Amino acid sequence: MSATANRPVEPKRLAVNFFYLSAGEFGAKLLTFASFTYLARTLGPISYGAIEFTLAVMVFFTLPTDLGLGMYGAREIARNPSDAPRLLREITGLRLLLSLCSMALLVVFILVVHKSPEQKLLLGLYGLSLLGTPYMLQWFFQAHDQMHWVGAASIVRQAGFALLVFAVCRAGSPLIYIGLIECASVAATAAFCIYVVTGQMRYPWPVPHVGIAGLLGHVREAFPIGLAELAWAFMWYFCTVLLGFLSPDQSLGWFGASHRIVMGMHTFVMLYFFNLLPSISRCAALPEAHLLQLMDHSLRFAAWTGLFLAPILSLLAPQVLTLVFGPSFHDGWGSFAVLVWVLPVAMLSGHHRYILVAYNHQKWLLMYTSVAAAVAVVLAFALIPLFKGTGAAWALLIANIVNFVLVYFAVRKLVVEVPVHRQLLGPFSALALAGASWLVVARWNPTAAVLTAAAVYIGVFIKTDGPTLVLFIRSFARGRAV
């Protein structure tokens with residue numbers, strides 16, 4: 001094992017990398033947010049719902065093109081940097097084969113699905129963009145702790161998409177324009193990633209290598225990760241797909257808008273763990289104290305942040321949807337008020353999910369994520385016919401809670417107990433006091449009630465975990481070990 005694998009966590013690098021990731025993704029998400037709100041306001045709930053349906057369907061054809069290889073490759077290169085050129089060629093080759101297979105399956109789906117010709121053509125164009133995914137090399141940048149290139153790639157993709165949307169799309173524009181724009185943005189991002197790898201990182205051109213023996217070894221290691229990601233997608237996107245078949249009316253657009261906002265915020269949750277994975281992987285070769293210390297501070301940050309955002313967004317759900325997507329989306333606030341509670345659950349469960357990956361327990365992650373995905377599917381069939389978008393939101397939230405419980409006990413059994421009760425005590429106490437203050441003030445002024453509750457919550461944070469987390473942030477800036 002290389003010296004990199006035994007290197008302790010480097011707080012300053014972790015903080016700088018997360019800054020680059022956050023800055024890049026924040027810019028990218030602003031562009032995505034602007035382009036999709038423009039499409040929603042321009043096309044209306046029904047046509048916008050058709051776009052969200054297409055994107056949800058494509059998740060189940062895009063994830064198999066990676067099959068967990070990106071996360072697996074980042075983990076292996078973080079441990080053994082000398083394997084980087086070989087893994088780059090082999091993983092690129094394997095992802096190319098998977099993309100071709102996924103495109104073939106998508107063609108079959110398009111032929112049998114009962115949708116309009118325009119919807120089918122839109123799906124076909126999104127399928128064409130899968131040819132560029134093998135060269136979306138953000139995983140390779142992640143493995144080298146080059147997070148600024150990850151952020152830059154996100155900017156390239158979303159800036160290209162947004163600029164073309166604003167330039168081309170108008171009221172009544174055909175949906176196929178969106179598919180053509182997606183193909184163009186993927187091609188531009190793939191070209192950018194190749195340029196960075198060859199021109200900036202000085203690696204050879206990533207010519208795909210398809211040696212069967214080596215590829216099978218990668219598949220065996222990455223396949224459980226990929227299936228876990230696919231199961232994770234069922235939790236997040238199956239409800240949108242089922243709603244698109246059972247209720248392809250305004251409720252689909254309303255739920256899609258709510259889901260779009262929550263997924264935009266959830267991207268930063270995934271980025272946080274994307275950045276944290278190499279450090280967790282290095283903890284696998286160190287005493288347990290390193291992992292526990294890292295997780296303690298990280299869980300406190302996640303708990304305070306998530307339990308601050310979810311209640312405020314839930315209370316302001318009608319105003320948020322109207323402000324972002326326009327008055328025609330106001331009635332979708334019920335879905336949004338439920339969906340935002342997925343965020344704190346995901347921020348906590350992500351620690352345990354990524355520990356399982358870093359410690360080579362991806363098979364258990366697959367098993368428990370599949371159980372949670374099955375819960376989402378069953379609840380979707382039970383709740384969507386009765387409650388439409390709100391039922392879909394509850395199915396997604398309950399499935400995420402089930403996943404959190406399962407991966408928590410898996411980490412306790414297979415690695416070490418990484419507790420959450422101590423980290424949640426302060427935020428829950430603050431939430432209870434904030435809720436009480438809101439109830440007192442809301443009868444006179446709802447806006448003042450929200451501001452008062454937020455002030456109470458922040459005050460409790462400052463008095464409890466605030467000093468600890470401030471010291472933790474300062475240690476990042478000064479480069480001291482956690």
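Residues numbered from 1 in each chain as written. Predicted model: local features only at pLDDT ≥ 70, side-chain atom pairs only at ≥ 80, totals over all residues. Heavy atoms only, no water.

### What about the overall build of the protein?
Of regular secondary structure, the protein possesses 17 helices and zero strands. For 482 residues, the compact-globule estimate of 2.2 N^0.38 gives 23 Å, and the C-alpha radius of gyration of the protein, at 22 Å, lies within 12% of that figure. Counting only residues that meet the buried cut, the protein has 57% of its 482 residues in that class. Put simply, 83% of the contacts in the protein that link residues at least 6 apart link residues at least 24 apart. Accessible area of the protein: about 19,600 Å², with a carbon and sulfur share of 71%. For the protein, the separation between the mean place of its 30 positive charges and that of its 18 negative charges on side chains is 4 Å. (Helix = DSSP H or I, 4+ residues; strand = E, 2+ residues; numbered from the N terminus. Rg over C-alpha atoms; globule rule 2.2 N^0.38 Å. Buried < 20%, exposed > 50% of the residue type's maximum accessible area, 1.4 Å probe, protein only. Contact = heavy atoms within 4.5 Å. Areas by Shrake-Rupley, 256 points an atom, 1.4 Å probe, with all protein chains shown as cover. Lys, Arg positive; Asp, Glu negative; His and termini not counted. Charge placed at Lys NZ, Arg CZ, Asp CG, Glu CD.)

### Remarks on the packing of aromatic side chains
The tally for this structure, following the rule as stated, stands at 20 aromatic pairs. Here the aromatic rings of Phe140 and Tyr203 are separated by 5.0 Å at their centres, their planes lie at 80 degrees, and the arrangement is edge-to-face. Of this pair, Phe140 sits in helix α5 (residues 138–143) while Tyr203 sits in the loop between α7 (176–200) and α8 (212–246), and the two are 63 residues apart along the sequence. Take Phe140 and Tyr203: they sit in the same class, and that class is buried. Taken together through their ring pairs, the aromatic side chains of Phe60, Phe234, Phe238 and Phe381 make up a single cluster. The ring of Phe53 has Lys115 sitting right over it, with the charged end atom 4.4 Å from the ring centre. (Phe/Tyr/Trp six-rings, centres within 6.5 Å; stacked < 30°, edge-to-face > 60°. Lys NZ or Arg CZ within 6 Å of the ring centre and 35° of its normal.)

### Some remarks on the packing of helix α13 (residues 342–358) against helix α14 (residues 362–414)
Relative to each other, α13 and α14 sit at 35 degrees, their axes nearing to 8 Å. Taken as a pair, α13 and α14 cross one another with a handedness that is left-handed. Split into classes, the residues belonging to the contact of α13 with α14 amount to 16 nonpolar, six polar and one charged. (Axes fitted to C-alpha atoms, helices over the stretch in contact; angles between N-to-C directions. Left-handed = near helix turned anticlockwise from the far one by under 90°. Nonpolar A, V, L, I, M, F, W, Y, C, P; charged D, E, K, R; others polar.)

### Observations regarding the side chain of His259
With respect to the helices and strands, His259 occurs in helix α9 (residues 250–283). For His259, a relative accessible area of 4% translates into the label buried. A polar atom in the side chain of His259 sits 2.7 Å from the backbone oxygen of Trp236. Setting aside chain neighbours within four positions, we find His259 in contact with Trp236, Tyr237, Thr240, Leu339 and Leu396. (Polar contact = N/O pair within 3.5 Å; in protein donor to acceptor, adjacent residues only side chain to side chain.)

### Structural notes on the confidence of the model for the protein
On average, residues of the protein score 87 in pLDDT, and 92% of them are at 70 or above. pLDDT under 50 marks residues 476–482. Its contacts with residues more than four places away, or in other chains, come to 15 contacts. (pLDDT = per-residue confidence, 0-100.)

### Details of the pattern of salt bridges
In the structure shown here, the tally under the stated rule is ten salt bridges. Notably, a salt bridge pairs Arg95 with Asp66, separated by 3.6 Å at the nearest N-O pair. Here Arg95 is found in helix α3 (residues 84–112), whereas its partner Asp66 is found in the loop between α1 (11–62) and α2 (69–79), with 29 residues between them in sequence. Among the residues examined, Arg95 registers a relative accessible area of 6% and is labelled buried. A residue is classified by how much of its surface remains accessible, and Asp66, at 13% relative accessible area, is buried. (Salt bridge = Lys/Arg side-chain N within 4 Å of Asp/Glu carboxyl O.)

### As for the environment of Arg412
Following the sequence through the fold, Arg412 ends up in helix α14. Judged by its relative accessible area of 42%, Arg412 is partly exposed. Sequence-wise, Arg412 and His352 are 60 residues apart; in three dimensions their C-alpha atoms are separated by 9.1 Å.

### Comments concerning helix α16 (residues 446–463)
The first and last C-alpha atoms of α16 sit 26 Å apart over 18 residues, in line with the 26 Å expected at 1.5 Å per residue. Each element contacted by the buried residues of α16 is listed here: α10 (288–315) and α15 (421–442). N-capping of α16 is provided by Asn445, with a side-chain oxygen placed 3.1 Å from the backbone N of Thr447. (Expected span 1.5 Å × (residues − 1).)

### Observations concerning α9
Compared with the 50 Å implied by 1.5 Å per residue over 34 residues, the 48 Å span of α9 between its first and last C-alpha is a close match. The sharpest bend along α9 measures roughly 40 degrees and falls at Leu276, with the proline Pro278 sitting one to four residues further on. Here α9 lies mainly inside the structure; 28 of its 34 residues are buried. (Bend = angle between axes of the 7 residues up to and from the residue.)

### Focus on the nonpolar core
If you look at the biggest cluster of nonpolar residues, it comprises 147 residues, and the most contacted ones within it are Phe140 and Ile280. Of the residues forming this core, the biggest block, 21 residues, is contributed by α14. Discounting chain neighbours no more than four positions away, the residues touching Phe140 are Ile77, Ala84, Leu88, Val197, Met201 and Tyr203. (Core = buried A, V, L, I, M, F, W, Y, C linked by side-chain atoms within 4.5 Å.)

### Looking at the environment of Val156
Structurally, the position occupied by Val156 is in helix α6 (residues 147–168). When the C-alpha positions of Val156 and Thr189 are compared, they lie 5.9 Å apart, and in sequence the two are 33 residues distant.

### Remarks on the state of the cysteines
Across all of its chains, the model carries zero disulfides by this definition. No disulfide involves Cys169; its sulfur sits 14 Å from that of Cys183, the nearest cysteine. Exposure remark for Cys169: the relative accessible area of 3% places this residue in the buried category. (Disulfide = S-S within 2.5 Å.)

### Examining unusual backbone geometry
Working note: non-glycine residues mostly have negative phi, and peptide bonds are mostly trans. Phi angles above zero are rare outside glycine, and Leu67 is one such case at about 55 degrees. You can see Leu67 is positioned in the loop between α1 and α2. A residue is classified by how much of its surface remains accessible, and Leu67, at 12% relative accessible area, is buried. A positive phi angle, near 65 degrees, is found at Arg202, a position not held by glycine.

### Concerning the side chain of Thr92
Residue position: Thr92 is located in helix α3. According to the relative accessible area criterion, Thr92 is buried, its value standing at 1%. Within polar-contact distance, the side chain of Thr92 engages the backbone oxygen of Leu88 at 2.6 Å.

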